[in-house]
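Coordinate inspection notes
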Amino acid sequence: MDLYLSWMDERAAKAGRTTAASRGEAVSRLGSLTITRNPPPRDMSMRGTKVTAQGDFMIVAQKGRSFQRANPDARVIVDHGRYLLIDWPENKEWVEEPGCFAVVPYEDGALDMGLRKGTARPRRSEIADAVGAISADELRLQVERLAAIHSRHSAEAGYLEALDICETILEGAGCELERQEFPLGDTRSWNLVARRRGAAANPKLYVIGAHLDSVNHEGGDGARAPGADDNATGSVTVMQAAVALSSFAELKHDVCLVLFGGEEQGLHGSRHFVELLDGADRDRLSGVVNIDMAGSRNMQELTVLLEGAPLSQTVIDDLADMAKTYTELETQVSLSPYASDHVPFIDKGIPAVLTIEGADGAYPHEHTARDISSNLDFELHRQITMMDAAWLIEKAAFGED
Ligand SMILES: [Zn+2]
């Protein structure tokens, strides 16, 4: 099989030009790169190259560099960090690393990760004030407090210590709390669920969540697992969203803020949460935002990736608009959901989106004892937290009935 790789120049890419897509052809996009089955048209803004597979073209979605570490000999055609296009020999098995990457055959249009410019909406001063009060110093303090715990491995004592810290903050933000226990192998773990009720006659439900657990894949059982970026940052974003929302005494819609356990063992906490939703809650659940790694600045520009499925498009659009209205973030979009707590929601047809630092695959310290706060950029963390909090406030306090 042949594929054609074409690069648009930077200006055309930023303007969102996709020549092949506008001809109705199924294309895959990675930033300014377009992948097509047919040769690209002669277009001054494109330069292209043809690649021929010796085996099969496959798409890899990976955490960190996990696929490349496990399979160093793979022929990588396109390296986009979290996503790779590879040429893989027929009938050869790849070395698996459970929960760390997925490999699927290339299909036209399977990968869509373009730059997406949000549209500025009328700015609400109440939202601007509430998210403007989020400070990078406070975020750093809270991330450092969680990362100082020896490990937040889902089945270890440090996880309970982290739950206590988070409960105090969420209770202070006026939430009702519940510890949701679930089985985890031959032990158990917990989600921490914080709720606020809305006053609308038929309130919708919005969920914001992040996994609180951490893991160290290098050190084995009992190893230090600070998990600063993965995922103290996301947990702190959820708590700061609760704090920002607490300046709105009355909400229209219900919100549920969740810190998931068991993510690193295979999304156990979020699967359990989704399974417990009754039919009525599932029907009124109108959007889910999951934050997983929000503090490593891997690109020069402050960048967030919004990752969902086609059914998540409204939430993606809302988040991109919040980023444009209340932050300085550049937004990228992918429609290939993978390996975090948004996936169990999407599997049940619920619109969910992951918000994650741009080019997360370039962060080299994930799942190691080196995932500590001195590697992070709390201005990026602040910007992502502002976007997520603005989304929650916009929906819960001002959303349509
Ligand atoms: Zn994570």
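Position labels on residues start from 1 in each chain and follow its written sequence. The predicted origin of the model limits local features to residues at a pLDDT of at least 70 and limits the giving and counting of side-chain atom pairs to 80 or more, whereas totals for whole chains, interfaces and linings rest on all residues. Excluding hydrogens and water, the side-chain figures rest on all heavy atoms present in the structure.

1. Observations concerning the packing of helix 7 (residues 228–245) against helix 12 (residues 378–398)
- Fitted lines through C-alpha atoms give the axes, limited to the stretch in contact for helices. The angle between two N-to-C directions lies from 0 to 180 degrees. Only DSSP runs of H or I covering at least 4 residues are called helices, and only runs of E covering at least 2 are called strands; the numbering of each starts at the N terminus. Their axes nearest at 9 Å, the elements helix 7 and helix 12 cross at an angle of 45 degrees. Put simply, helix 7 runs oblique to helix 12. For the pair helix 7 and helix 12, the crossing hand works out as right-handed. Between helix 7 and helix 12, the contacting residues are T233, V236, T237, Q240, A241, A244 and L245 on the first element and H381, T385, D388, A389, L392, I393 and A396 on the second. Roughly parallel means an angle under 35 degrees; roughly antiparallel means over 145; roughly perpendicular covers 65 to 115; every other angle is labelled oblique. Each crossing gets its hand from how the near helix is turned against the far one by less than a right angle, where anticlockwise is left-handed and clockwise is right-handed. We call two residues in contact whenever any of their non-hydrogen atoms come within 4.5 Å of each other.

2. Considerations on the domain arrangement of the chain
- For the chain, the assigned domains read domain 1 (2–112) and domain 2 (125–398).
- Averaged C-alpha coordinates put domain 1 and domain 2 at centres separated by 29 Å.
- Listed as interface residues are 16 residues of domain 1 and, on the opposing side, 19 residues of domain 2.
- By convention, the term buried area covers the 1.4 Å-probe accessible surface removed from two parts as they join, with the contributions of both added. Carbon and sulfur atoms make up 44% of the area that domain 1 and domain 2 hide from each other, which totals about 1300 Å². By convention here, the domain bounds are inherited from an automatic or database domain assignment.

3. What about unusual backbone geometry?
- The amide bond that connects D230 to the next residue, N231, takes the cis arrangement and shows omega of 15 degrees.
- You can see N231 is positioned in helix 7.
- For L267, which is not glycine, the phi torsion reads 60 degrees and is therefore positive.
- Within the secondary structure, L267 is located in the loop between strand 13 (254–260) and helix 8 (268–276).

4. Observations regarding helix 12
- In this model helix 12 runs 28 Å from its N-terminal to its C-terminal C-alpha over 21 residues, within 8% of the 30 Å that 1.5 Å per residue would give.
- Only protein chains enter the accessibility calculation, which uses a 1.4 Å probe; a residue is then buried when its area is under 20% of its type maximum, exposed when over 50%, and partly exposed in between. Across the 21 residues that make up helix 12, a large majority, 19, are buried.
- Two N or O atoms form a polar contact when they lie within 3.5 Å of each other; inside protein one atom must be a possible hydrogen donor and the other a possible acceptor, and for residues adjacent in sequence the pair counts only when both atoms belong to side chains. For helix 12, the N-terminal capping position is held by D377, with its side-chain oxygen 2.9 Å away from the main-chain nitrogen of E379. By definition here, a helix of n residues has an expected span of 1.5 Å times n minus one.

5. Digging into the coordination of the zinc ion
- Only H211 (NE2), D230 (OD), D292 (OD) and D292 (OD) from the protein coordinate the zinc ion, and they sit 1.9 to 2.7 Å from it.
- Coordinating donors are taken as N, O and S atoms within 2.8 Å of the metal, stretched to 3.2 Å for Na, K and Ca; because water is absent from the atoms, sites can appear incomplete. Read N to C, the donor residues that coordinate the zinc ion are spaced as H-x18-D-x61-D. Here the residue H211 occupies a position in strand 12 (residues 205–211), and D230 occupies one in helix 7, the gap between them amounting to 19 residues. Assigned by exposure class, H211 and D230 land together as buried.

6. A word on the packing of aromatic side chains
- Within 6.5 Å between ring centres, the rings of Phe, Tyr and Trp (the latter by its six-membered ring) count as paired, and their orientation is classed by plane angle as stacked under 30 degrees, edge-to-face over 60, tilted in between. Throughout the structure, instances matching the rule amount to eight aromatic pairs.
- Here Y206 and W391 contribute two aromatic rings whose centre-to-centre distance is 5.8 Å and whose plane-to-plane angle is 85 degrees, an arrangement assigned as edge-to-face. Taken together, the residues Y206 in strand 12 and W391 in helix 12 connect sequence positions 185 residues apart. Residues Y206 and W391 agree in their burial class; the two are buried.
- Between F248 and F398 the ring centres are 6.0 Å apart and the planes differ by 85 degrees, which places this aromatic pair in the edge-to-face class. Note that F248 is positioned in the loop between helix 7 and strand 13 and F398 in helix 12, a separation of 150 residues in sequence.
- Assessed through its relative accessible area of 10%, F248 is described here as buried.

7. Examining the pattern of salt bridges
- Between Lys or Arg on one side and Asp or Glu on the other, a salt bridge is scored when a side-chain nitrogen of the former is within 4 Å of a carboxyl oxygen of the latter. The full count for this structure, using the stated rule, is 24 salt bridges.
- D164 is paired through a salt bridge with R179; the nearest N and O atoms lie 2.8 Å apart. Of this pair, D164 sits in helix 6 (residues 157–172) while R179 sits in strand 10 (residues 176–184); the two residues are 15 residues apart in sequence, bridging distant segments of the chain.
- By relative accessible area, which is 42% here, D164 ends up partly exposed.
- On the accessibility criterion, R179 (33% relative accessible area) is partly exposed.
- One continuous salt-bridge network, built from bridges that share partners, spans R121, D318, D321 and K395.

8. Some remarks on the packing of helix 5 (residues 136–147) against helix 7
- Relative orientation of the contacting elements helix 5 and helix 7 amounts to 125 degrees, with a least axis distance of 9 Å. One finds that helix 5 runs oblique with respect to helix 7. You can see that helix 5 and helix 7 cross each other, and the crossing is right-handed. Note on element contacts: helix 7 touches helix 5 through A228, A232, T233, S235, V236, M239 and Q240, opposite E138, L139, Q142, V143, L146 and A147.
- Charged residues are taken to be Asp, Glu, Lys and Arg, nonpolar residues to be Ala, Val, Leu, Ile, Met, Phe, Trp, Tyr, Cys and Pro, and polar residues to be all remaining types, Gly included. Split by residue class, the contact of helix 5 with helix 7 holds eight nonpolar, four polar and one charged.

9. A short note on the sheet that holds strand 5 (residues 56–62)
- Whether two strands pair depends on DSSP finding at least two bridges between them. Spatially, four strands are ordered 6-7-5-8 in an open sheet, and the strand pairing comes out antiparallel. The outermost strands of the open sheet, each flanked by one partner alone, are strand 6 (75–80) and strand 8 (101–105). Taken over all neighbouring pairs, the strand axes of this sheet differ in orientation by 25 degrees on average, direction set aside.
- Bridge analysis of strand 5 against strand 8 gives five bridges, and the strand direction is antiparallel. Looking across to strand 8, one finds that Q62 is bridged to F101.

10. Quick notes on the environment of A173
- Tracing the chain through its elements places A173 in the loop between helix 6 and strand 10.
- The exposure class assigned to A173 is buried, which follows from its relative accessible area of 5%.
- When the C-alpha positions of A173 and A242 are compared, they lie 5.9 Å apart, and in sequence the two are 69 residues distant.
- For A173, the residues in contact, after removing those within four places along its chain, are R196, A242, V243 and S246.

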